[in-house]
Amino acid sequence: MGFARACSVALVGVEGVVVEVQADLEPGVAAFTLVGLPDKSLVESRDRVRAAVVNSGAEWPQKKLTVGLSPASVPKSGSGFDLAVACAVLGAAERIDPATIADVVMIGELGLDGRVRPVRGVLPAVLAAAEAGYEQVVVPEQTAGEAVLVPGVSVLGVRSLRQLIAVLCDEPVPEEPADGQGRPDAMLAGLMIPGTGLGTGLAPAAGRGDGHRPDLADVAGQPRPRQALEVAAAGGHHLLFSGPPGAGKTMLAERLSSVLPPLTRQESLEVTAVHSVAGILPPGEPLVSRAPYCAPHHSATMQSLVGGGNGMPRPGAVSLAHRGVLFLDEAPEFSGKALDALRQPLESGHVVVARSAGVVRLPARFLMVLAANPCPCGRHSLTGAGCECPPSVVRRYQARLSGPLLDRVDLRVEVEPVDRADLLGQGGRGESTAVVAARVRDARARAAERLVGTPWTTNSEVPGHELRTRLLVAPGALAAAERDLERGILTARGLDRVLRVAWTVADLRGADRPDVSDVAVALELRTGIQRGVPMGVGER
């Protein structure tokens, strides 16, 4: 009887569970049994592994073979277990010393010719292995750059099974010829899910490929929306643009991710892990360093927004926009069920998806930007534009954005039509993205310094209790906000969000704490009622 074991990782959402792959050989009729709650793609690994072993020059054992995946209660899916299964079988057949693979985590799919193909989710899998105490990991050569991002782990990137066998047996490593030049690498096809390219709005804005990044200087006029965009980026506040078509709502939203500061190391690992599992991580870019931008179509279902799918849930748009921007253009056209599903992740920063196959917790701390027209035809707010929508239709259209959802939006700005002088450049170009991004970085640095020693880094994350008890504003600064609360213009949650925005406005102008004018700016940005405050946030 022969026995050997290797290790791999099963992904549950964006979290990994280390799985022990055990192989047992006994005398009897040659058979291959795979147990341990595998899915269809994993059951098919029996034929892939057998062909890969034979085509790699090793002998397939002609005995009763049982491969167990432990713990057996955890669902396993995908083809990333192939490499561990092959090595466990070869260890049981004594082609490989079982002691050399007992504590090695192996991730990769095997082709019938023995080549090791890359799989999605390598980064979260290696992170799970490191947290479990494993120090050696074998991954496909194409994803080695993704695996080495995890500190304290020795990574071996292999191109074929025969190379791995040679390394484990201390034999000369054979050279594997590369694929033909001048064409895309066919081995990378497994890393991308069909239909998640740039045209779907599910890929980061930084990965457009032509080197062009939208600049705020391209936006004509719109001083107040530009101000709201800067405040949203500095404090992480959710934003609603409402106005007629062609006013520049989408242009402003597309430039928000460029204004946001670069991701920290921890944030980059979180975003990269989600994108790796989702299959939208650009080949050759193992680490996402810029804030992602996700803009799903208004026909998107609730499952595509918050996560779901058949079997184990997959990340949705809110998770793909983690630490970045989620832009919902034509927001009233989204289904009410999909929009209301955003309430919980907007508050908690994560989404919990429960399915029959299991419960998955996905990260979803994003900056939401909504864009809405005033009516179905879009001309309701224009004087003399000929809007023919009845008042009842306008009310129903605007009511598609529910009150509880809008109560979680900090900034609500009316985007006016661009006049001729601004459109033709006679009013001068606005500030560029680099200038605004510099102010945003300074404001975030002030907030981070003030919040040092707490679990929060931006003003939008600070609980209302802390704002009312520890982080106090200037005396008398809240008088206007308290009046609005008594009149019913603000809710208790709205008052907390006004305080958060006021702290962001104060950070942008370099003040120690908000004063009356800062609170007035925050109230105007939330309620839309003119308060007679200066237009520029950081110029007072």
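Residues numbered from 1 in each chain as written. Predicted model: local features only at pLDDT ≥ 70, side-chain atom pairs only at ≥ 80, totals over all residues. Heavy atoms only, no water.

S.K.: Please give an account of the overall build of the protein that cites residues and values.
M.R.: Each helix and strand counted, the protein has 23 helices and 16 strands in total. Here the protein holds 540 residues, and 50% of them are scored as buried. (Helix = DSSP H or I, 4+ residues; strand = E, 2+ residues; numbered from the N terminus. Buried < 20%, exposed > 50% of the residue type's maximum accessible area, 1.4 Å probe, protein only.)

S.K.: Provide a residue-level description of the pattern of salt bridges, including the pertinent values.
M.R.: A complete count under the given rule lists 27 salt bridges for this structure. Notably, a salt bridge pairs Arg115 with Asp113, separated by 2.9 Å at the nearest N-O pair. Classification of Arg115 as partly exposed rests on a relative accessible area of 30%. For Asp113, a relative accessible area of 35% gives the class partly exposed. Salt bridges here are not isolated pairs; linked through shared partners, they connect Glu347, Asp407, Arg408, Asp410, Arg493, Arg497 and Arg526. (Salt bridge = Lys/Arg side-chain N within 4 Å of Asp/Glu carboxyl O.)

S.K.: I'd like a rundown of the nonpolar core, residues and numbers included.
M.R.: Counting residues in each nonpolar core, the largest one holds 53 residues, and the members touching the most others are Leu239, Phe241, Val369, Val519 and Leu525. It is helix H22 (residues 492-508) that contributes the most residues to this core, eight residues altogether. With residues near it in sequence (within four places) discarded, Val369 still touches Leu239, Phe241, Ala253, Leu256, Val325, Leu326, Phe327 and Leu328. Residues Ala10, Phe81, Val138 and Ile165 belong to the second largest nonpolar core, which totals 40 residues. (Core = buried A, V, L, I, M, F, W, Y, C linked by side-chain atoms within 4.5 Å. Contact = heavy atoms within 4.5 Å.)

S.K.: Describe in detail the environment of Val325, supporting the description with residues and values.
M.R.: Inspection of the secondary structure puts Val325 in strand S12 (residues 325-328). Val325 sits in the buried class, given a relative accessible area of 0%. For the pair Val325 and Tyr293, spaced 32 residues apart in sequence, the C-alpha separation works out to 4.9 Å. Non-local contacts of Val325, meaning those with residues more than four positions away in its chain, are made with Leu256, Ser257, Leu260, Pro292, Tyr293, Cys294, Leu367 and Val369.

S.K.: Help me get a handle on the packing of H22 against helix H23 (residues 516-527), residues and values and all.
M.R.: Two elements in contact, H22 and H23, have axes whose closest approach is 8 Å; the angle formed by their N-to-C orientations is 125°. Relative to H23, the element H22 lies oblique. For the crossing formed where H22 meets H23, the hand is right-handed. Seen from H22, the contacting residues are Gly494, Arg497, Val498, Val501, Ala502, Val505 and Ala506; seen from H23, they are Asp518, Val519, Val521, Ala522, Leu523, Leu525 and Arg526. (Axes fitted to C-alpha atoms, helices over the stretch in contact; angles between N-to-C directions. Parallel < 35°, antiparallel > 145°, perpendicular 65-115°, else oblique. Left-handed = near helix turned anticlockwise from the far one by under 90°.)

S.K.: Give a detailed account of the environment of Ala234, specifying residues and quantitative values.
M.R.: Looking at the element boundaries, Ala234 is found in helix H8 (residues 223-235). The spacing of Ala234 and Arg444 is 210 residues in sequence and 5.8 Å in space, taken between C-alpha atoms. Ignoring any residue separated from it by four or fewer positions in sequence, one finds Ala234 in contact with Val440, Ala443, Arg444, Thr504 and Leu508.

S.K.: Could you give an account of the packing of aromatic side chains, with specific residues and numbers?
M.R.: Within the structure shown, the criterion is met by two aromatic pairs. Geometrically, the ring pair formed by Phe32 and Trp60 is tilted, given 5.7 Å between the ring centres and 40° between the ring planes. Of the two residues, Phe32 sits in strand S3 (residues 31-35) while Trp60 sits in the loop between helix H2 (45-55) and strand S4 (64-70), which places them 28 residues apart along the sequence. Aromatic side chains Tyr293 and Phe327 sit 6.4 Å apart centroid to centroid with 25° between the ring planes, which places their arrangement in the stacked category. Of the two residues, Tyr293 is situated in strand S11 (residues 293-294) and Phe327 in strand S12; the sequence distance between them amounts to 34 residues. (Phe/Tyr/Trp six-rings, centres within 6.5 Å; stacked < 30°, edge-to-face > 60°.)

S.K.: Outline unusual backbone geometry, listing residues and values.
M.R.: Cis rather than trans, the peptide bond between Ser70 and Pro71 has omega equal to 5°. Here Pro71 shows up in the loop between S4 and helix H3 (82-92). One non-glycine residue, Gln222, lies in positive phi territory at about 55°. Of note, Gln222 is situated in the loop between helix H7 (161-168) and H8. The class of Gln222 is buried, set by a relative accessible area of 7%. Its identity as a non-glycine residue notwithstanding, Glu330 has a phi of 55°, on the positive side. Residue classification places Glu330 among the partly exposed positions, given a relative accessible area of 27%.

S.K.: Explain the sheet that holds S12 to me, and be specific about the residues and the numbers.
M.R.: If you walk across this open sheet you meet the five strands as S11-S12-S15-S10-S16, and the pairing is parallel. Of all the strands in the sheet, just S11 and strand S16 (411-414) have a single pairing partner and so form its edges. Note: strand S10 (residues 239-242) against strand S15 (residues 367-372), four bridges, orientation parallel. For Leu240, the partnering residue across the bridge sits in S15 and is Leu370. (Pairing = 2+ DSSP bridges.)

S.K.: Tell me about H23, and name the residues and values.
M.R.: A rise of 1.5 Å per residue sets the reference length of H23, with its twelve residues, at 16 Å; its end C-alpha atoms lie 16 Å apart and thus fit the reference within 8%. Along H23, ten of the twelve residues are buried, which leaves the element largely enclosed by surrounding structure. Residues Ser517, Asp518, Val519, Ala520, Val521, Ala522, Leu523, Glu524, Leu525 and Arg526 constitute the buried set of H23. Where H23 is buried, its residues meet H8, helix H17 (403-406), S16, helix H21 (479-487) and H22. One or two residues past the end of H23 sits Gly528, with phi positive at roughly 80°. (Expected span 1.5 Å × (residues − 1).)

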